[in-house]
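Residue-level listing of the chains:
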Amino acid sequence: MSVPSRREDLVDLEGYHSASVDVEVRLNTNESPFPPPPAFVTALQSALAEGALNRYPDRAALELRRAIAHYEGVSVEEIFCGSGSNEVLECLLLAFGGSGRTALVFEPTYALHGHISRITQTSLTRRQRGSDFALDPTQVAKDVIEVQPSLTFLCSPNNPTGNAESNDVVHSALEAGDGLIIVDEAYGQFSSESAQELRGGENAERLVIVKTFSKTWALAGVRLGYAIGDPEVIAACEAVALPYHLSSLTQMAGILALAHVDEMDERVREITKERLRVSEAMSTMALRLWPSEANFILFKPSDRSGHDVWERLVERSVLIRDCSSWSGLEDCLRVTIGTANENDRFLKALEEVL
Ligand SMILES: *Cc1c(COP(=O)(O)O)cnc(C)c1O
């Protein structure tokens, strides 16, 4: 007896994973180090007590989408919500990718753009970024013209490199082709740049901005993300999403989070301040550091192997992300900005190791 064989195009596919090691200081997955505000948690508890969990959730998630639309200054028809922005990306690929179509990514970038492309049978074309990881608008236009992708993924700020994509790059990609340009702004609030400014402009009906509550909103455990896009694109995502894919709990949490914008913004400011402090401290060490507009920093030890430094940090109970085996990131490591105390632990350990 044996189980049936897997889909041939996916036999070598591995699930997405990051190392889980038991450590005291966990700076490897870019979450917020702060729990959500206590007032939010209390409000969620009361909402939960009143909520009717025996009923299916609002399938259109109208109240949540209205709240997000209000926050973003767009109309409710321009918002699609998913269980994490990963589900949003999956719906975009199901609706606009698939067999016979191509997605374009610029590596190194967020691995799931390529991963979900494969799962949805969208063929993937990878282009490599230069050593400073910034994209050049002219080159991006050339790539889009050559590849003719149905979807082009940009990530701004880019995970794991930390640089924000200039709007010239997004604009140039929009002009060059006729597919969707998806700008993943999971870390958008840590940056001064946003593709939002291009909405309403030329070709903007093909622009989709994807955001998440996982990072800046300190709600990775809730699983809520959304796309801002043209109503036709949003309707196409709704058509492929599973019915009731967004639980009542998720919808409640999202609505309530948007009533606590000030406290969430305060957390973003705190982390941005710490990012400056950590990068200044790191700039005196034996390493190369890339400027970051996100809540993490990519760096490369000057005289030691990246993996070796990673292991020695784990020995000191500090876990960061080992990117040293990723394409274009030889010997590179990525550290998430934590609380002041966690950052001190990291800096001290790194100093010792280097
Ligand atoms: C963390 C991250 C996400 C978040 O995914 P969720 O499913 O919303 O938790 C999306 N895009 C990028 C680039 C990320 O780094």
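Definitions and limits used
Residues numbered from 1 in each chain as written. Predicted model: local features only at pLDDT ≥ 70, side-chain atom pairs only at ≥ 80, totals over all residues. Heavy atoms only, no water. Helix = DSSP H or I, 4+ residues; strand = E, 2+ residues; numbered from the N terminus. Rg over C-alpha atoms; globule rule 2.2 N^0.38 Å. Buried < 20%, exposed > 50% of the residue type's maximum accessible area, 1.4 Å probe, protein only. Contact = heavy atoms within 4.5 Å. Areas by Shrake-Rupley, 256 points an atom, 1.4 Å probe, with all protein chains shown as cover. Lys, Arg positive; Asp, Glu negative; His and termini not counted. Charge placed at Lys NZ, Arg CZ, Asp CG, Glu CD. Phe/Tyr/Trp six-rings, centres within 6.5 Å; stacked < 30°, edge-to-face > 60°. Lys NZ or Arg CZ within 6 Å of the ring centre and 35° of its normal. Pairing = 2+ DSSP bridges. Axes fitted to C-alpha atoms, helices over the stretch in contact; angles between N-to-C directions. UniProt positions renumbered as here; feature names shortened; annotations may be inferred. Near = heavy atom within 4 Å. Polar contact = N/O pair within 3.5 Å; in protein donor to acceptor, adjacent residues only side chain to side chain. Nonpolar A, V, L, I, M, F, W, Y, C, P; charged D, E, K, R; others polar. Arc of directions from axis to C-beta. Parallel < 35°, antiparallel > 145°, perpendicular 65-115°, else oblique. Patch = residues over 30% accessible without salt bridge, like charges linked within 9 Å, V, L, I, M, F, W, Y side chains within 5 Å. Salt bridge = Lys/Arg side-chain N within 4 Å of Asp/Glu carboxyl O.

Mind laying out the overall build of the protein chain, listing which residues take part and the relevant values?
Each helix and strand counted, the protein chain has eleven helices and 13 strands in total. Whereas a compact globule of 354 residues would reach a radius of gyration of roughly 20 Å, the protein chain reaches 21 Å, a difference of no more than 12%. Seen through its principal axes, the protein chain has C-alpha atoms that stretch 60 × 55 × 55 Å. Counting across all 354 residues of the protein chain, residues that qualify as buried make up 52%. Partitioning the contacts of the protein chain with sequence separation of at least 6, the portion at a separation of at least 24 is 75%. Summed over all atoms, the accessible surface of the protein chain reaches about 16100 Å², with 49% contributed by carbon and sulfur. One finds the centroid of the 32 positive side-chain charges in the protein chain at a distance of 3 Å from the centroid of its 52 negative side-chain charges.

Any chance you could break down the packing of aromatic side chains for me, citing the residues and the numbers?
Counted under the stated rule, the structure contains seven aromatic pairs. Relative to Tyr-226, the ring of Phe-213 has its centre 6.0 Å away and its plane inclined at 65°; by these criteria the two rings are edge-to-face. With a gap of 13 residues between them, Phe-213 in the loop between strand E7 (207-212) and strand E8 (225-228) and Tyr-226 in strand E8 connect regions that are remote in the sequence. Clustering of aromatic rings is evident, with ring pairs tying together Tyr-71, Phe-213, Trp-217 and Tyr-226. Between the NZ or CZ atom of Arg-334 and the centre of the ring of Phe-296, over which it lies, the distance is 5.6 Å.

So what about unusual backbone geometry? Which residues, and what values?
Residue Pro-108 is reached from Glu-107 by a cis peptide bond, and omega for that bond is -5°. Turning to its location among the elements, Pro-108 is positioned in the loop between strand E3 (102-107) and helix H4 (111-119).

Outline the sheet that holds strand E10 (residues 296-301), supporting the account with residue identities and numerical values.
On the basis of which strands lie adjacent, the open sheet formed by four strands has the order E9-E10-E13-E12 and antiparallel pairing. Two strands in the sheet have a free side with no partner beyond their single neighbour: strand E9 (287-289) and strand E12 (321-322). Across three bridges, the pairing between E9 and E10 is antiparallel. Within E10, the residue paired with Leu-289 across the bridge is Phe-299. In the packing of helix H9 (residues 261-282) onto the sheet, the strands contacted are E9 and E10, and the crossing angle to E10 comes to about 10°.

Now, about the UniProt feature "domain: Aminotransferase class I/classII large" (unreviewed entry) in the protein chain: what can you tell me, with residues and values included?
In the numbering used here, UniProt assigns the "domain: Aminotransferase class I/classII large" (unreviewed entry) feature to residues 25-350. Within residues 25-350, the helical portion is 40% and the strand portion 17%, while the C-alpha atoms at the span's ends are 13 Å from each other.

Before we move on, can you summarise the site of the ligand with the specific residues and values?
Taken together, the neighbourhood of the ligand is formed by 13 residues, with Ser-85, Tyr-187, Thr-212, Ser-214 and Lys-215 sitting nearest. Taking Thr-212, its side chain carries an N or O atom lying 2.6 Å from an oxygen atom of the ligand. Look at the ligand: alone it shows 390 Å² of surface, and the protein chains cover 93% of it. Each residue belonging to the shell around the ligand can be placed in one class, and the counts come to four nonpolar, six polar and three charged.

Would you mind going over helix H2 (residues 62-72) in detail, with residue names and values included?
Inspection of H2 places Leu-64, Arg-65, Ile-68, Ala-69 and Glu-72 among the buried residues, and these make up the whole buried set. On an axial view of H2, the arc spanned by its buried residues comes to 135°, and they lie on one face. Across from the buried face of H2, at angles greater than 90 degrees, the exposed residues are Glu-63 and His-70.

Can you lay out the packing of H9 against helix H11 (residues 340-353) for me, pointing to particular residues and giving the numbers?
Two elements in contact, H9 and H11, have axes separated by 11 Å at closest approach and are oriented at 10°. Here H9 lies roughly parallel to H11, going by the angle between them. Residue-level inspection shows Glu-274, Arg-277, Val-278, Ala-281 and Met-282 of H9 in contact with H11, the latter providing Ala-340, Asn-343, Asp-344, Phe-346, Leu-347 and Leu-350. When grouped by side-chain class, the residues that make up the contact of H9 with H11 number seven nonpolar, one polar and three charged.

For the environment of Ser-46, give the residues involved together with the corresponding values.
Here Ser-46 is to be found in helix H1 (residues 38-50). Judged by its relative accessible area of 37%, Ser-46 is partly exposed. Note: C-alpha distance between Ser-46 and Glu-342 (296 residues apart in sequence) is 32 Å. Side-chain polar atoms of Ser-46 contact the backbone oxygen of Thr-42, separated by 3.0 Å.

Pulling in residues and values, what's your account of a nonpolar patch on the surface?
Side chains of Leu-48, Leu-53 and Leu-249 sit close together on the surface and give an oily, nonpolar patch of about 260 Å² of accessible area. In this fold, Leu-249 is placed in helix H8 (residues 248-257). Owing to a relative accessible area of 40%, Leu-249 belongs among the partly exposed residues under this scheme.

I'd like to hear about the pattern of salt bridges, residue by residue, with values.
Applying the stated criterion across every chain yields a total of 17 salt bridges. In this structure, the salt-bridge partner of Arg-127 is Asp-143, at a minimum N-O distance of 3.1 Å. Here Asp-143 lies in helix H5 (residues 137-147) and Arg-127 lies in strand E4 (residues 123-128), a separation of 16 residues in the sequence. Owing to a relative accessible area of 22%, Arg-127 belongs among the partly exposed residues under this scheme. Note on Asp-143: relative accessible area 5%, which makes it buried. A salt bridge links Arg-269 to Glu-266; the shortest N-O distance between them is 2.8 Å. A residue pair is termed a helical-turn pair when its members lie 3 or 4 positions apart in one helix, as Arg-269 and Glu-266 do in helix H9 at three residues. Of the residues examined, Glu-266 reaches a relative accessible area of 39% and is grouped as partly exposed. Three or more residues joined by partner-sharing salt bridges are found here, namely Arg-127, Asp-143 and Glu-146.

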